[in-house]
Amino acid sequence: DTAVSQTPKYLVTQMGNDKSIKCEQNLGHDTMYWYKQDSKKFLKIMFSYNNKELIINETVPNRFSPKSPDKAHLNLHINSLELGDSAVYFCASSRMDSPYEQYFGPGTRLTVT
Amino acid sequence: GEDVEQSLFLSVREGDSSVINCTYTDSSSTYLYWYKQEPGAGLQLLTYIFSNMDMKQDQRLTVLLNKKDKHLSLRIADTQTGDSAIYFCAEKTDSWGKFQFGAGTQVVVTP
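As the structure is a computational prediction, the values presented were derived from the model and not from experiment.

Caption draft 1: Spotlight on the interface of chain A and chain B. Taken together, the contact pairs 22 residues of chain A with 21 residues of chain B. For the pair chain A and chain B, the summed buried area comes to about 1800 Å², and 64% of that belongs to carbon and sulfur atoms. Applying the counting criterion to the chain A and chain B interface returns zero salt bridges. Our count for the chain A to chain B interface comes out at three residue pairs in polar contact (both at pLDDT 80 or more). Listing elements by their share of the side of chain A that touches chain B, those giving two or more residues are β4 (31–37), β5 (43–50) and β6 (53–57) of chain A. The element contributing the most residues to the side of chain A that touches chain B is β4(A), with three residues. Looking at the side of chain A that touches chain B, its residues break down into 13 nonpolar, four polar and five charged.

What follows is the structure, encoded as structure tokens:
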């Protein structure tokens, strides 16, 4: 009965590698998000998709490419990983009408060595 | 986020009330939210308030909104050790569902 799930929970990889994080929601929401939380717990939106269409794309390096195969899934692919990409990445989903409550996944802790 | 500010730390004794404060800058915000993050977990929505309200109560939680001063607070009555967590204030900034989060307030509950 998990609402928003992410895989993997932990990801350790070397600089220069390419990796993907997957997200799925079973809430029937039409909007999904990716957030990055740094070591100081600061949470910043990266991308938002509504009905598989990209609606928010913050100033994120183009090494990050989100993909939404359907409304229930939003994956994040990262090319040429850098040390500064180390963070916890959270997926979230919400309805696109009020009160726009967001439900967060458990997070993926990415460590780049 | 630079548009939503919170104090970083709050220590409170078990059984006392906690008050966490937040200021925001976007006067067009329609909804404001409080989230709780426990160690190693995602954010959990605690409560929200619509911008035309000035107070909302939900069991031990009371949200106060001063729209003139752009000030939001969360009061937790009878604080318990399980309330120890990071609390994030967030605002919904525009019609495309963009949310701006504060830096979080670490609440530590001592016996």
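Caption draft 2: Region of the structure containing the sheet that holds strand β1 (residues 4–7) of chain A. Residues and elements named next belong to chain A. Taken in spatial order, the four strands line up as β1-β3-β8-β7 in an open sheet, and their pairing is antiparallel. Each end of this open sheet is capped by a strand with a single partner; those strands are β1 and β7 (64–70). Between one strand axis and the next, the sheet turns through 20 degrees on average, direction left out of account.

Caption draft 3: Representation of the environment of A:Ser39 in the model. Residue and element names in this part refer to chain A. Mapped onto the elements of the fold, Ser 39 is located in the loop between β4 and β5. Exposure remark for Ser 39: the relative accessible area of 75% places this residue in the exposed category. For the pair Ser 39 and Gly 84, spaced 45 residues apart in sequence, the C-alpha to C-alpha distance is 11 Å.

Caption draft 4: Spatial organisation of the sheet that holds strand β3 (residues 18–24) of chain B. Residue and element names in this part refer to chain B. Here five strands make up an open sheet; going across it, the order is β1-β3-β8-β7-β6 and the pairing antiparallel. Looking at strand neighbours, the two that pair on one side only are β1 (4–6) and β6 (55–58), the edges of this open sheet. When the angles between neighbouring strand axes are averaged without regard to direction, this sheet yields 15 degrees. Here β1 pairs with β3 via three bridges, running antiparallel. If you follow Val 4 over to β3, its bridge partner there is Tyr 24.

Caption draft 5: Representation of the nonpolar core. Grouped together as the largest cluster of nonpolar side chains are 20 residues, with contacts concentrated most on A:Tyr35, A:Phe104, B:Tyr33, B:Tyr35 and B:Phe101. Mapped onto this core, the elements with two or more residues apiece are β4, β5 and β9 (87–94) of chain A together with β4 (31–37), β5 (43–50), β9 (85–92) and β10 (99–101) of chain B.

Caption draft 6: View of the pattern of salt bridges. Using the criterion set out here, one finds six salt bridges over all chains in the structure. When the shortest N-O distance is used, the salt bridge between A:Arg63 and A:Glu82 registers 3.5 Å. In this pair, A:Arg63 is assigned in the loop between β6 and β7 and A:Glu82 in the loop between β8 (73–78) and β9, connecting sequence segments 19 residues apart. The class of A:Arg63 is buried, set by a relative accessible area of 14%. Close ionic contact of B:Lys68 with B:Asp69 constitutes a salt bridge, the shortest N to O distance being 3.6 Å. Shared partners join several salt bridges into a network, and the residues in it are A:Arg63, A:Glu82 and A:Asp85.

Caption draft 7: Geometry of the side chain of A:Ser93. All names here are of chain A. Tracing the backbone through its elements, the reader meets Ser 93 in strand β9. A polar contact is formed between the side chain of Ser 93 and the side chain of His 29, at a distance of 2.8 Å. Not counting residues within four places of it along the chain, the set of residues in contact with Ser 93 comprises Val 4, Gln 25, Leu 27, His 29, Thr 31, Met 32, Tyr 33, Glu 101, Gln 102 and Tyr 103.

Each value, and the rule that gives it
- Residues numbered from 1 in each chain as written.
- Chains lettered and ligands numbered in written order.
- Predicted model: local features only at pLDDT ≥ 70, side-chain atom pairs only at ≥ 80, totals over all residues.
- Heavy atoms only, no water.
- Contact = heavy atoms within 4.5 Å.
- Buried area = accessible area lost by both parts, 1.4 Å probe.
- Salt bridge = Lys/Arg side-chain N within 4 Å of Asp/Glu carboxyl O.
- Polar contact = N/O pair within 3.5 Å; in protein donor to acceptor, adjacent residues only side chain to side chain.
- Helix = DSSP H or I, 4+ residues; strand = E, 2+ residues; numbered from the N terminus.
- Nonpolar A, V, L, I, M, F, W, Y, C, P; charged D, E, K, R; others polar.
- Pairing = 2+ DSSP bridges.
- Axes fitted to C-alpha atoms, helices over the stretch in contact; angles between N-to-C directions.
- Buried < 20%, exposed > 50% of the residue type's maximum accessible area, 1.4 Å probe, protein only.
- Core = buried A, V, L, I, M, F, W, Y, C linked by side-chain atoms within 4.5 Å.

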